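Now for the letters of each chain:
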Amino acid sequence: MEKILEMRNICKSYYGNQVLTNVNLDLFPGEIHSLVGENGSGKSTLMNILFGMPVIQNTGGFEGEIIFEGKPVIIDSPRKAMELGIGMVHQEFMLLPGFTITENIKLNREITKKNFLSRIFGKSLETLDIPRMRKDARKALDTVGMTTLDEWIPVAGLPVAYKQFVEIAREIDKKNLKILVLDEPTAVLSESEVKGFLEVVRFLSKEGIAILFISHRLSEVLEVSDRVTILRDGFVVDHGPISSFNAISIAEKMVGRKVEILELPKRGKNLDETDVIMSINDLHVLMPGEMVKGFDIDIIRGEILGIGGLAGQGKLGIANGIAGLFPSNGSVYFEDEPFQLNNPGFALNKGIVYLSEDRRGVGLLLDESVEINITATAIQAYGEFMKWLLFLKIYDKKAIRQHAIKMIKELDIRCKSPSQPVRRLSGGNQQKVCLARAFTLKPKILFVSEPTRGIDVGAKKLVLDYLVKMNREKGITIVMTSSELAELRSICDRIAIVSEGKPSAILKPTDSDAEFGMAMAGKFQEVIMGER
Amino acid sequence: MNDRTALLKKIDIPTLIIVLFLVGLFVLAFITGVAVPPLIGDSLRRIGMNGVLVLAMVPTIRSGIGPNFGLPIGIIGGLLGALISMQLGLVGFVGFWVAILLAVVFCLPLGLGYSWILEKVRGQEMMVGTYLGYSIVAFMSIMWLLLPFSSPDMVWAIGGKGLRYTLTLNDYFGSVLNDFMKIKIGSFEVPTGLLLFFAGTCVLVYLFFKTRIGLAIDLTGQNEKYAISSGVNTKKARQVAVIFSTVLAGIGIIIYAQSYGFLQLYRAPLYMAFPAVACILIGGASLNRATITNVIVGTTIFQTLLTIALPVLSQVARGDITEVLRMIISNGMILYALSRAPKEAT
């Protein structure tokens, strides 16, 4: 059979950062081809290239060629991709909530009739042919198995699964559809919905549509695909018929990368595993996009605990919830006393300091000086660096300056002076300012999220080394959340992997790649374990 | 060289234009032979007179609410204080200080209520503040007629009920500050007491922003999430800022009135907010950042400009164009600041 699509030797870099290297991908008509990889492995970039998204052109285009039905093509806009017959169902719903299902399905491809005005002013004034549009929409909905869904109700208020089906119905309504890209379509579906969904996918492939299926859930990949391609760090690490893989081998290949075993300094005394500094039970956090749905863990005094997991699974929500930045509930005990959630002031006063993943949004006052950034929270929460002036208690500029200079030296913050606004510092130096601020608060537990995101290699090492140093010298318990598994494995004592807002496993940094991969893939772990 | 370009970058273009205009007026004054010294003395009086009202903008701007367009609310509080002091027949400094004290007492609950409403309309404070100002002025226009003031100097001569439009303060506390330690050299007068009072309030506000609650307001205005994560109760911080601003407005109107010599009721408070907003903006403040320096620079430039413009321009142009000038500059400045706001947000 002739290949419908071939992507050959695709290379792409963003600002000198190579994200795809010699990636090859091919697709036969009627085949379900899965594309798997961790966050940041290059899946989205590859799909953006296939779909001609503007972000690719704006960042200097890509190398390599795309061959569609045997002929090389240039896809420079999503419109071109659609004309060729490539459809995509996005992770976020691209639906207009106030419009009816029919209108959404037919958006920008409406069926129209000529009328008096359109004869004079042209096609854009033609009347919509609602009955025919409804008929088409009905047919598309029936195809995806939504036979009971009325095609004339608004999209707003539909359950998420239905929205997902409406998106697919919209794609298959396009008469020339040859390739359908499904970007993590099952992420928002429940188990029973997934079942129905996979059936629709199989049905579409029988109709001759080639399907490119992107998912983190290995069980679905194994169940539905014909072939699989595994990406890691922008390389294709393996590809082949699904029968030659199992969940473990896929997981291993997804995650597997050399872990730098740093020579970590030894602790003065070993951790006492019965000495729990904070006990978290059934923590729920309402953080949009990072919902935590019942997380439990006991944090041991003096350890470095890692929290890992895929994006959107809730790992970021945990620290945000404890710090009181997002509404949360659950029973949390700190040093055997009940801990008040939803109260940032309480957390700070107990010595629980949180360093946000959103450095510029939450962590810094961009237009303020380095010294104020370092000390403002300490002034606010603990009333440090204050002095009396007659009847007013005001902050002491001299003490602030002294402390700032000390921290700047200790963390090697590159700035012109302590009074320079942090907006002008580089990402790495801004992160160091955040760290200086956190340690000025003399934390008992430091929650630090994505401490190395968006900073250069040198600063990265310094940040991690400093965290280890403070942990070893001052005995500060550190809970580090990161999407870089390698980083967690290099400095943590234990790593909790979060999946679907719940802990899926607590692993040692020395555990195998396969175990980490399986834990991240989450929910269907038991099923897969059964197969093993 | 670098320092100089940095300084130039710091100065706002509109501020620069207005300063150049002001310089031009001075040059014109010399050419047309208008006596400058009394004009400067007059400017100093006007700076002190308006300064505290402009200062009232600082707390709200720094708390992230934007300029306090609801200035009339505080002004009403101040007017009530002054009126009661007059009704009690207090004169001189006693009358003045009692008026200030009463103004603070009235402004505290007014500010609390105002902040409560503003909290309900987060993001729309400027618009809502403006309309709240309109509403309270309309409401008080009725109240001025109904409140039981009875001093013959204050009520209408005919009928004996209801407060007059304009009350003369000469027999009460008119120009008590202006005359305090006044320096007079020929036709040049320095209202020392007035300027000292303005300087004093500036120092107080400056110090306030170095206290914990002041810093909390600053943090809230600059980055609310940072403030929350620093344990700041941002609602309370905004509340304090609004109350503080309202109190300053109340005190400001008394300073204004004692220097002007008259207490203006009814619709007069409406026309106080926009010039005050314009002043601080001319001084280089933006909708979310303001310093004491902005207040002093802005008030100086704007008030000097208005003082000089009248006699000088009347030499070259026919009629009084000061009022027109005032409108153009104050409204233009506010418009400029508003149009620039979204750019700063990103």
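Residues numbered from 1 in each chain as written. Chains lettered and ligands numbered in written order. Predicted model: local features only at pLDDT ≥ 70, side-chain atom pairs only at ≥ 80, totals over all residues. Heavy atoms only, no water.

A. Just the overall build of chain A, in detail. On a plain count of helices and strands, chain A comes out with 20 helices and 24 strands. Over its C-alpha trace chain A gives a radius of gyration of 27 Å, about what one expects of a compact globule, namely 24 Å for 532 residues. Principal axes of the C-alpha set define a box for chain A whose edges measure 85 × 60 × 45 Å. For chain A, with 532 residues in total, the buried portion stands at 55%. Intrachain contacts of chain A at a sequence separation of at least 6 include 67% that bridge at least 24 residues. (Helix = DSSP H or I, 4+ residues; strand = E, 2+ residues; numbered from the N terminus. Rg over C-alpha atoms; globule rule 2.2 N^0.38 Å. Buried < 20%, exposed > 50% of the residue type's maximum accessible area, 1.4 Å probe, protein only. Contact = heavy atoms within 4.5 Å.)

B. A look at the packing of helix H14 (residues 370-382) of chain A against helix H15 (residues 397-411) of chain A. All names here are of chain A. As a packed pair, H14 and H15 sit with axes 9 Å apart at the nearest point and diverge in direction by 115°. Considered as vectors, H14 and H15 are oriented roughly perpendicular to each other. For the pair H14 and H15, the crossing hand works out as right-handed. Taken together, the residues of H15 that come into contact with H14 (itself represented by Val370, Glu371, Ile374, Thr375 and Ile379) are Ile400, Arg401, His403, Ala404, Met407 and Ile408. (Axes fitted to C-alpha atoms, helices over the stretch in contact; angles between N-to-C directions. Parallel < 35°, antiparallel > 145°, perpendicular 65-115°, else oblique. Left-handed = near helix turned anticlockwise from the far one by under 90°.)

C. Just empty space enclosed by the protein, in detail. As enumerated under the stated definition, the model contains five cavities of 30 Å³ or more in all. By volume, the largest cavity amounts to about 110 Å³. Lining the largest cavity are 13 residues, and of these Leu348(A), Ile352(A), Val353(A), Tyr354(A) and Ser229(B) lie nearest its centre. For the lining of the largest cavity, the secondary-structure elements that each account for two or more residues are helix H12 (344-349), strand E18 (352-355) and helix H16 (427-440) of chain A. Its residues assigned to classes, the lining of the largest cavity comprises ten nonpolar, two polar and one charged. Taken as a whole, the second largest cavity holds about 60 Å³ of empty space. Together, Ile75(B), Leu79(B), Ile253(B), Tyr256(B), Ala257(B), Phe262(B), Leu263(B), Gln264(B), Ala268(B), Pro269(B) and Met272(B) line the second largest cavity. Residue assignment for the lining of the second largest cavity shows that the elements contributing at least two residues are helix H5 (71-87), helix H12 (234-260) and strand E4 (262-264) of chain B. (1 Å grid on protein atoms, 1.4 Å probe; cavity = no way out; pocket = protein on both sides within 12 Å on 5 of 7 lines; lining within 4 Å. Points joined across faces, edges and corners; volume = space filled by probe spheres on them. Nonpolar A, V, L, I, M, F, W, Y, C, P; charged D, E, K, R; others polar.)

D. View of the pairing of strand E6 (residues 86-89) of chain A. Residues and elements named next belong to chain A. Burial along E6 is two-sided: Ile86 and Met88 and Gly87 and Val89, pointing in opposite directions, are all buried. For E6 and strand E9 (residues 179-183), the ladder comprises four bridges, and the chain directions are parallel. Note that in E9 the partner of Gly87 across the bridge is Leu180. (Pairing = 2+ DSSP bridges.)

E. How the structure looks around the environment of Arg62(B). Inspection of the secondary structure puts Arg62(B) in helix H4 (residues 57-62). Once residues within four sequence positions are removed from consideration, Arg62(B) is found in contact with Phe209(B), Ile217(B), Asp218(B), Gly221(B), Ala290(B) and Thr291(B).

F. Geometry of the interface of chain B and chain A. Each partner contributes to the interface: chain B provides 20 residues, whereas chain A provides 31 residues. Interface area, chain B with chain A, both sides summed: about 2100 Å², of which 60% is carbon and sulfur. For chain B, the biggest contributors to the area lost against chain A are Lys210(B), Arg212(B) and Tyr226(B); these three give 32% of the whole. Applying the counting rule to chain B against chain A returns zero salt bridges. Sorting the residues of the side of chain B that touches chain A by element identifies helix H9 (192-208), helix H10 (212-222) and helix H11 (224-229) of chain B as the ones contributing at least two each. Among the elements that make up the side of chain B that touches chain A, the one with the highest residue count is H10(B) (five residues). Here the residues of the side of chain B that touches chain A sort into ten nonpolar, six polar and four charged. (Buried area = accessible area lost by both parts, 1.4 Å probe. Salt bridge = Lys/Arg side-chain N within 4 Å of Asp/Glu carboxyl O.)

G. Structural view of the packing of aromatic side chains. Under the defined criterion, the tally for this structure stands at 17 aromatic pairs over all chains. Residues Phe165(A) and Phe197(A) carry aromatic rings whose centres are separated by 5.9 Å and whose planes lie at 50° to one another, so their mutual orientation is tilted. Of this pair, Phe165(A) sits in helix H7 (residues 160-173) while Phe197(A) sits in helix H8 (residues 191-206), and the two are 32 residues apart along the sequence. For the pair Phe165(A) and Phe197(A), a shared accessibility class is recorded, and that class is buried. Their ring planes at 90° and their centres at 5.7 Å tell us that Trp156(B) and Tyr165(B) sit as a pair that is edge-to-face. The class for Trp156(B) is partly exposed, based on a relative accessible area of 33%. Assessed through its relative accessible area of 51%, Tyr165(B) is described here as exposed. Linked through ring pairs, Phe93(B), Phe96(B), Trp97(B), Phe173(B), Phe180(B) and Phe197(B) together constitute an aromatic cluster. Here the guanidinium or amino end of Arg62(B) rests over the ring plane of Phe209(B), the centre of that ring lying 4.3 Å away. In this structure, Lys210(B) is placed above the aromatic ring of Tyr395(A), and the distance from its NZ or CZ to the ring centre is 5.5 Å. (Phe/Tyr/Trp six-rings, centres within 6.5 Å; stacked < 30°, edge-to-face > 60°. Lys NZ or Arg CZ within 6 Å of the ring centre and 35° of its normal.)

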